[in-house]
Amino acid sequence: MTTEALNIVDQRTNVAYALPLNKGTIRATDLRQIKTGPEDFGVMSYDPAFLNTASCQSAITFIDGDKGILRYRGYPIEQLAEKCTFLEVAYLIIHGELPTESQLKTWVDDITHHTMLHEKTKEFLQGFNHDAHPMGMFISTVAALSTVYPEARNVHDPEVRKLQIRRLIGKVPTIAAYTYRHGLGYPYIYPDNELSYTENFMNMLWRMVEPKYRANPALSRALDILFILHADHEQNCSANVMRAVGSSQADPFVCTAAAAAALSGPLHGGANEEVLKMLDEIGTKDHVPAYIQQIKAGHGKLMGFGHRIYKNYDPRARIIKWAADQVFLTTGRNPKLDIALELERIALEDEYFIKRKLYPNVDFYSGIIYQALGFKPDIFTVLFAIPRTVGWLAQWQEMLQDPEQKIARPRQIYTGYPERNYVPIEKRTGQALAAGG
Ligand code: CMC
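On a predicted model such as this, the values are computed, not experimentally measured, just so you know.

S.K.: Any chance you could explain the packing of helix α5 (residues 134-148) against helix α6 (residues 158-184) here in plain terms?
M.R.: A pair of packed helices is characterised by two quantities: the angle between their axes and the separation of those axes. Following both chains from N to C, one finds α5 and α6 inclined at 140 degrees, their axes separated by 9 Å at the closest point. Here α5 is positioned oblique relative to α6, judged by the angle of their axes. Here α5 runs over α6; the crossing is right-handed. Taking contact as the criterion, the partners of P134, M137, F138, T141, V142 and L145 in α5 are, on α6, L168, K171, V172, I175, A176, T179 and H182. A per-class count over the contact of α5 with α6 returns nine nonpolar, three polar and one charged.

S.K.: Help me understand the packing of aromatic side chains in this model?
M.R.: Each aromatic ring pair is summarised here by two numbers: the centre-to-centre distance and the angle between the ring planes. Applying the stated criterion across every chain, the model contains 17 aromatic pairs. On the basis of an interplanar angle of 85 degrees and a centroid distance of 5.2 Å, the ring pair of F305 and F364 is categorised as edge-to-face. Taken together, the positions of F305 in the loop between α12 (288-296) and α13 (315-331) and F364 in helix α16 (residues 362-373) put the pair 59 residues apart, joining distant regions of the chain. Here F305 matches F364 in class, with each residue buried. Taken together, the ring pairs in this structure connect Y180, W206, Y370, F375 and F380 into an aromatic cluster. Above the ring of F41, the side-chain terminus of R32 is found at 3.9 Å from the ring centroid. Positioned over the ring face of Y417 is R420, at 3.3 Å from the centre of the ring.

S.K.: Where do I start with the site of the ligand in this structure?
M.R.: H268, L302, G304, F305 and R308 are the nearest of the 20 residues found near the ligand. Surface burial for the ligand is 72%, taken as the share of its 940 Å² of free accessible area covered by protein chains. Taken together, the residues of the shell around the ligand break down into 10 nonpolar, six polar and four charged.

S.K.: Explain the state of the cysteines to me, please; I cannot follow it from the model alone.
M.R.: Summed over all chains, the structure comprises zero disulfides. With no disulfide of its own, C237 lies 14 Å from the sulfur of C56, the closest cysteine sulfur. For C237, a relative accessible area of 44% corresponds to the partly exposed category.

S.K.: I tried to follow the environment of H268 on my own but got confused; where do I start?
M.R.: Along the chain, H268 falls in the loop between α10 (252-263) and α11 (271-282). Taking the C-alpha atoms as reference points, H268 and K67, separated by 201 residues in sequence, lie 21 Å from one another. Apart from residues lying up to four places away in sequence, H268 is in contact with N236, C237, S238, A262, L263, D363 and R388.

S.K.: Can you walk me through the pairing of strand β3 (residues 61-64) in this structure?
M.R.: For a regular strand, side chains alternate in direction, first toward one face of the sheet and then toward the other. One ladder, built from four bridges, connects β3 with strand β4 (residues 69-72); its direction is antiparallel. Paired with I63 across the two strands is L70, which belongs to β4. Turn length for the β3-β4 hairpin, with the two strands adjacent in sequence and antiparallel, is four residues, and the turn residue G68 shows positive phi of about 70 degrees.

S.K.: How should I be thinking about the sheet that holds β4 in this particular structure?
M.R.: Working definition: the strands of a sheet are paired by backbone hydrogen bonds and lie parallel or antiparallel to each other. In space, the three strands of this open sheet follow the order β3-β4-β5, with antiparallel pairing throughout. With one partner strand each, in any of the chains shown, β3 and β5 (75-76) form the two edges of the open sheet. Inspection of the sheet shows β4 paired to β5 by two bridges, in the antiparallel sense. Looking across to β5, one finds that Y72 is bridged to Y75.

S.K.: For this particular structure, what's the right way to read the pattern of salt bridges?
M.R.: Where charged atoms from two side chains of opposite charge approach closely, those side chains can pair. Under the criterion given, the structure shown has 22 salt bridges. In this structure, E398 engages R243 in a salt bridge whose closest nitrogen and oxygen atoms are separated by 2.7 Å. Here E398 is found in helix α17 (residues 380-401), whereas its partner R243 is found in helix α9 (residues 237-246), with 155 residues between them in sequence. R243 gets classed as buried once you look at its relative accessible area, which sits at 6%. The residue R345 makes a salt bridge to E342 at a minimum N-O spacing of 3.1 Å. Of the two residues, R345 and E342 both sit in helix α14 (residues 336-349), three residues apart, roughly one turn of that helix. For R345, a relative accessible area of 42% puts it in the partly exposed group. Counted as one network, the salt bridges with shared partners bring together D192, E194 and K212.

S.K.: When you look at the environment of I34 in this model, what are you seeing that I'm missing?
M.R.: Within the secondary structure layout, I34 lies in the loop between β2 (15-20) and β3. Taking the relative accessible area as the measure of exposure, I34 reaches 4% and is therefore buried. Residues I34 and P211, spaced 177 residues apart in sequence, show a C-alpha to C-alpha distance of 72 Å. I34 has contacts with I8, D10, R12, Y17, G42 and V43, leaving out every residue within four places of it along the chain.

S.K.: Could you clarify how one ought to interpret the nonpolar core in this entry?
M.R.: Soluble globular proteins tend to bury their nonpolar side chains together. Among the nonpolar cores identified, the biggest contains 118 residues, and I169, F201, M278 and F375 are the most heavily contacted of them. Discounting chain neighbours no more than four positions away, the residues touching I169 are L87, I94, W107, I111, Y197, V390 and L393.

S.K.: Which parts of the structure should I look at to understand unusual backbone geometry?
M.R.: A negative phi angle is the norm for most residues apart from glycine, just as the trans form is the norm for most peptide bonds. Unlike most non-glycine residues, A49 shows phi in positive territory, near 65 degrees. Looking at where A49 falls in the secondary structure, it is placed in the loop between β2 and β3. On the basis of relative accessible area, A49 is assigned to the exposed category, the value being 54%. Phi is positive for F50, close to 50 degrees, though the residue is something other than glycine. Assignment of secondary structure puts F50 in the loop between β2 and β3. Judged by relative accessible area, which is 45%, F50 ranks as partly exposed.

Conventions used here
- Residues numbered from 1 in each chain as written.
- Predicted model: local features only at pLDDT ≥ 70, side-chain atom pairs only at ≥ 80, totals over all residues.
- Heavy atoms only, no water.
- Axes fitted to C-alpha atoms, helices over the stretch in contact; angles between N-to-C directions.
- Helix = DSSP H or I, 4+ residues; strand = E, 2+ residues; numbered from the N terminus.
- Parallel < 35°, antiparallel > 145°, perpendicular 65-115°, else oblique.
- Left-handed = near helix turned anticlockwise from the far one by under 90°.
- Contact = heavy atoms within 4.5 Å.
- Nonpolar A, V, L, I, M, F, W, Y, C, P; charged D, E, K, R; others polar.
- Phe/Tyr/Trp six-rings, centres within 6.5 Å; stacked < 30°, edge-to-face > 60°.
- Buried < 20%, exposed > 50% of the residue type's maximum accessible area, 1.4 Å probe, protein only.
- Lys NZ or Arg CZ within 6 Å of the ring centre and 35° of its normal.
- Near = heavy atom within 4 Å.
- Areas by Shrake-Rupley, 256 points an atom, 1.4 Å probe, with all protein chains shown as cover.
- Disulfide = S-S within 2.5 Å.
- Pairing = 2+ DSSP bridges.
- Salt bridge = Lys/Arg side-chain N within 4 Å of Asp/Glu carboxyl O.
- Core = buried A, V, L, I, M, F, W, Y, C linked by side-chain atoms within 4.5 Å.

Below, the structure written as structure tokens:
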């Protein structure tokens, strides 16, 4: 039990309150006792965009944004990226501990045996326009899995959850690869169970007429590392959506689709695609200073820069920079890297970025590697969604097992009209509020 407390004096009533502090946090519901009288609802906290509100207790991912530290289940991201495979890290994130050899074998077998899509789901994908955005196809197809596995609604049954977690982790690369091939007009390739998770993904992306796809080991390892770096990132926008939608006890397929929808926005996972567009727009290294001036003048944002939590170099960006060099040894150097390095150099010396603690984030360099690997920018966010599915599922499961969690339902401060009487149509002025049309 905590003995720390926060003393508050309500100046309206001169009543003093001692609110218990636990891990530096007060409970927002403890504020409700602070009232001016029995009719008063009590004090609420107001925190648009959750700038200073913990919405849960979590044992999955730790970030120290000031020091640039990221750990999954206590293990530093640098060690995991160097020593593990993606599926090993996925096991760690979902189960809380690194697997033994036999646990890992079973886990890999389980995931591998859930990579196939129902033929009807494949047909569903065929219905999209040839130029449909891969992220829209990905979100819709993940949601459509909910119709194939209706038992997934039984979210309180641990065995049912276990199965859906394996299904989702197994199937997201298949869906992702099909969204890619759909745009190119190529036939969908069945998974190959002899290959690793990333090699199989590459097989489904790039196999043409050869009887057996053989991935370049340097490239499949680089992709594996990128997947490790993207696997979880505590209570970001999409994890928060996963938990919020899951709190209504919706099934994990629609929850994951909702989380992926949140990821698709340009301020979140969609930033990697925007970075490439930005580098294209800048064109050459000598245009960088003028571009930075434009950003400082308030015209747009430097995509791939800044983070709500990191006020230091994003540790993932550092590892991605290293992985990019490994990829370029095989693919040749992506010329966009020079523009990106120049952007980073100038931005990190500039007062505007220093003052606001804006550093490159995970999305700044990832697109450059993805492009060197042969991906077009519109699939970049899908590449982020594959590994992040693991994090979403771990967050979802933790939320369901937490006895303190209930359906997510924030409060509001109402700023609209007080009660007013109905106006007949012939007496209405036609004036609408400025916003919303
Ligand atoms: N370029 C220029 N100025 C920026 C940028 C940027 N990329 N990011 C923040 N700022 C400025 C912002 O204008 C504000 O300035 P002022 O104090 O003068 O108003 C100040 O820095 C604080 O920014 P904020 O918008 O209050 O910060 P936030 O925590 O709400 O936003 C962010 C975080 C990631 C949405 C934002 O930094 C951003 O839009 N970055 C570009 C998009 C991006 O790279 N997103 C990927 C994030 S990492 C991976 C992921 O989450 O998926």
